[in-house]
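Listed here are the chains, written in short residue letters.
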Amino acid sequence: MKRVITYGTFDILHPGHIRLLNRARQLGDYLIVGISTDEFNTMKGKTAYYTFEQRKDILEALQDVDKVIPENTWGQKIADIASYSIDTFVMGNDWEGEFDYLKEHCEVIYLPRTTGISTTQIKKDLNKNG
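In this report, the structure presented in the accompanying data block is examined.

Each value, and the rule that gives it
Residues numbered from 1 in each chain as written. Predicted model: local features only at pLDDT ≥ 70, side-chain atom pairs only at ≥ 80, totals over all residues. Heavy atoms only, no water. Buried < 20%, exposed > 50% of the residue type's maximum accessible area, 1.4 Å probe, protein only. Helix = DSSP H or I, 4+ residues; strand = E, 2+ residues; numbered from the N terminus. Pairing = 2+ DSSP bridges. Right-handed = clockwise from strand over helix to strand, strands pointing away. Phe/Tyr/Trp six-rings, centres within 6.5 Å; stacked < 30°, edge-to-face > 60°. Axes fitted to C-alpha atoms, helices over the stretch in contact; angles between N-to-C directions. Contact = heavy atoms within 4.5 Å.

The next point concerns the pairing of strand 2 (residues 30-36). Most of strand 2 sits inside the fold, with six of its seven residues counted as buried. One ladder, built from six bridges, connects strand 1 (residues 3-8) with strand 2; its direction is parallel. The residue bridging V4 from the neighbouring strand is L31, located in strand 2. Tracing the backbone out of strand 1, into helix 1 (residues 15-26) and back to the parallel element strand 2 gives a crossover that is right-handed. Of the strand pairs in this sheet, strand 2 and strand 3 (residues 67-71) are connected by five bridges, and their pairing is parallel. Each residue of the ladder has a partner; that of V33, found in strand 3, is V68.

Next up, the structure:
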């Protein structure tokens, strides 16, 4: 069984997220998604609209996602790769090169982002129109 992992906040789920998760799942037989906890988002200076538990529930309802785990720190990826016997690590290409250090532990793939959509832009548009 080929196992794939990706990480993100996954707040305000949109077609770009769905496309990324679908493409990640197509790279293997089992997809694990690490989502940033509320505490980790605070450390990163980010605020999510939905709580960790709400975002976890949303992702667990998606057919492409097999397991959701908490992302508590930047440094947990190597331990997660070992713990879950990960074959492939996937991120959007806006992170190109940032996770190359994981190549000694598994395959690292950067997938193209969906053009024209991002959570940041959605939040800006909502604030502008609200």
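Back to the write-up after that little detour.
A few words now on the packing of aromatic side chains. Enumeration according to the criterion identifies seven aromatic pairs in this entry. With centroids separated by 5.1 Å and ring planes inclined at 55 degrees, the aromatic side chains of F89 and F99 adopt a geometry described as tilted. Highlighted residues: F89 in strand 4 (residues 88-92) and F99 in the loop between strand 4 and strand 5 (107-111), separated in sequence by 10 residues. Look at F99 and you get buried, because its relative accessible area is 4%. An angle of 45 degrees between the planes, with centres 6.4 Å apart, marks the rings of F99 and Y101 as tilted. Using a relative accessible area of 39% as the deciding quantity, one classes Y101 as partly exposed. By the ring-pair criterion, three or more aromatic residues cluster together here, those being Y7, F40, W74, F89, W95, F99 and Y101.

Within the open sheet, the five strands sit side by side as 3-2-1-4-5. Their pairing is parallel. Looking at which strands have only one partner, the edges of the open sheet turn out to be strand 3 and strand 5. For this sheet the average axis-to-axis angle between neighbouring strands, irrespective of direction, equals 25 degrees. Here helix 1 sits on the sheet in contact with strand 1, strand 2, strand 4 and strand 5, set at roughly 140 degrees to strand 2. Running at roughly 160 degrees to strand 2, helix 3 (residues 52-60) makes contact with strand 2 and strand 3 of the sheet.

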